[in-house]
Amino acid sequence: MNDKFERRQQTTGYDKGYKWLHWLMAVLVILMFMATFGFEQAKTEADKIEMLMGHSTIGSVAFILFLTLFSKRFIFKSPRPKHNLDVVTNMAARVGHSSLYVLLFYVPVTGFLVARAHELPVFWLGQVNISELSEYSEVHFDMIRNLHELGVKALMVLVVIHIGAAAFHGLAKKDGVFGAMWLGKKA
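This is a predicted model, so every value here is computed, not measured.

Digging into the overall build of the protein chain
Counting its secondary structure elements, the protein chain contains 5 helices and 2 strands. Each helix (α) and strand (β) of the protein chain, taken in turn from the N terminus, gives the series α-α-α-α-β-β-α. Referenced to the eigenvectors of the C-alpha coordinate spread, the extents of the protein chain come out at roughly 55 × 35 × 30 Å. A burial count over the protein chain gives 30% of its 187 residues as buried. Taking contacts inside the protein chain between residues at least 6 apart in sequence as the whole, the part at least 24 apart equals 74%. When the accessible surface of the protein chain is totalled, it reaches about 12,300 Å², and 67% of it is carbon and sulfur. The centroid of the 20 positive side-chain charges in the protein chain is displaced by 17 Å from the centroid of its 15 negative side-chain charges.

Here you go:
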């Protein structure tokens with residue numbers, strides 16, 4: 001146990017696996033946010049089915065990446081950098097990251113439940129019709145969709161705060177926090 005603590009103390013940045021998972025998930029989550037506008041633009045049933053297929057596939061890939069990152073962080077306990085932050089900043093980072101983890105789990109799970117309850121066919125990876133797994137109920141669908149949308153809105157707020165905090169650390173404080181997750185050699 002002391003060995004893991006010492007490795008964390010000596011690490012100045014996350015390993016490449018952490019970094020790639022983080023940035024790939026960031027791109028996919030932002031794509032998913034943009035999909036909300038695509039759903040509004042879809043007028044025909046065929047357009048909606050195509051949007052649902054892309055949305056469910058990207059969401060599934062993001063969820064798999066999240067589970068990989070979660071495992072790396074909490075099960076395999078990969079080394080992470082230790083930053084000298086004040087108590088309030090450290091607590092805010094912990095709460096923010098924990099909230100992100102919860103929502104990165106909650107949103108895809110509720111998304112899957114919405115897909116199951118959808119009246120239109122939702123083809124995962126263009127092959128598996130998720131909506132055939134249960135019978136359509138408008139009340140059930142609306143309730144789950146509202147829970148999913150609430151989670152998406154909360155995730156959007158947290159992502160904006162996360163980006164703002166990263167920019168503050170990278171541009172204003174220049175304390176190495178942003179550089180620890182940046183893919184380039186120098187941040």
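A word on the packing of helix 2 (residues 16–41) against helix 5 (residues 138–173)
Running from N to C, helix 2 and helix 5 cross one another at 130 degrees; their axes reach a closest spacing of 11 Å. Classed by the angle they form, the pair helix 2 and helix 5 counts as oblique. The interaxial crossing formed by helix 2 with helix 5 has left-handed handedness. Contact with helix 2, carried on its side by His22, Val29, Phe33 and Thr36, involves Val152, Leu155, Met156, Val159 and His162 of helix 5 and no other residues of that element. Looking at the contact of helix 2 with helix 5, its residues break down into 6 nonpolar, 3 polar and no charged.

With respect to the side chain of Ser60
Relative to the elements of secondary structure, Ser60 occurs in helix 3 (residues 45–75). Accessibility expressed as a relative area gives 19% for Ser60, which makes it buried. Within the local environment of Ser60, its side chain forms a polar contact with the side chain of Trp124, the two groups lying 2.4 Å apart.

Focus on the pattern of salt bridges
A side chain with one charge can pair with a side chain of the opposite charge if their charged atoms come near. Per the stated rule, a full pass over the model turns up 3 salt bridges. The partner of Lys72 in a salt bridge is Asp15, and the shortest N-O contact between them spans 3.0 Å. Taken together, the residues Lys72 in helix 3 and Asp15 in the loop between helix 1 (2–10) and helix 2 connect sequence positions 57 residues apart. Among the residues examined, Asp15 registers a relative accessible area of 29% and is labelled partly exposed. A salt bridge links Asp142 to Arg145, with the shortest nitrogen-to-oxygen separation between them at 3.6 Å. Here Arg145 and Asp142 lie together in helix 5, a separation of 3 residues that amounts to about one turn. Residue classification places Asp142 among the partly exposed positions, given a relative accessible area of 26%. Judged by relative accessible area, Arg145 falls into the partly exposed class, the value being 31%. Residues joined by salt bridges that share partners form a network here, namely Asp142, Arg145 and Glu149.

Here's the deal with the environment of Met32
Secondary-structure assignment places Met32 in helix 2. A residue is classified by how much of its surface remains accessible, and Met32, at 15% relative accessible area, is buried. Expressed as a C-alpha distance, the spacing of Met32 and Met51, which sit 19 residues apart in the sequence, is 11 Å. Setting aside residues up to four positions removed in sequence, Met32 forms contacts with His55, Ile58 and Gly59.

The rules we used
Residues numbered from 1 in each chain as written. Predicted model: local features only at pLDDT ≥ 70, side-chain atom pairs only at ≥ 80, totals over all residues. Heavy atoms only, no water. Helix = DSSP H or I, 4+ residues; strand = E, 2+ residues; numbered from the N terminus. Buried < 20%, exposed > 50% of the residue type's maximum accessible area, 1.4 Å probe, protein only. Contact = heavy atoms within 4.5 Å. Areas by Shrake-Rupley, 256 points an atom, 1.4 Å probe, with all protein chains shown as cover. Lys, Arg positive; Asp, Glu negative; His and termini not counted. Charge placed at Lys NZ, Arg CZ, Asp CG, Glu CD. Axes fitted to C-alpha atoms, helices over the stretch in contact; angles between N-to-C directions. Parallel < 35°, antiparallel > 145°, perpendicular 65-115°, else oblique. Left-handed = near helix turned anticlockwise from the far one by under 90°. Nonpolar A, V, L, I, M, F, W, Y, C, P; charged D, E, K, R; others polar. Polar contact = N/O pair within 3.5 Å; in protein donor to acceptor, adjacent residues only side chain to side chain. Salt bridge = Lys/Arg side-chain N within 4 Å of Asp/Glu carboxyl O.

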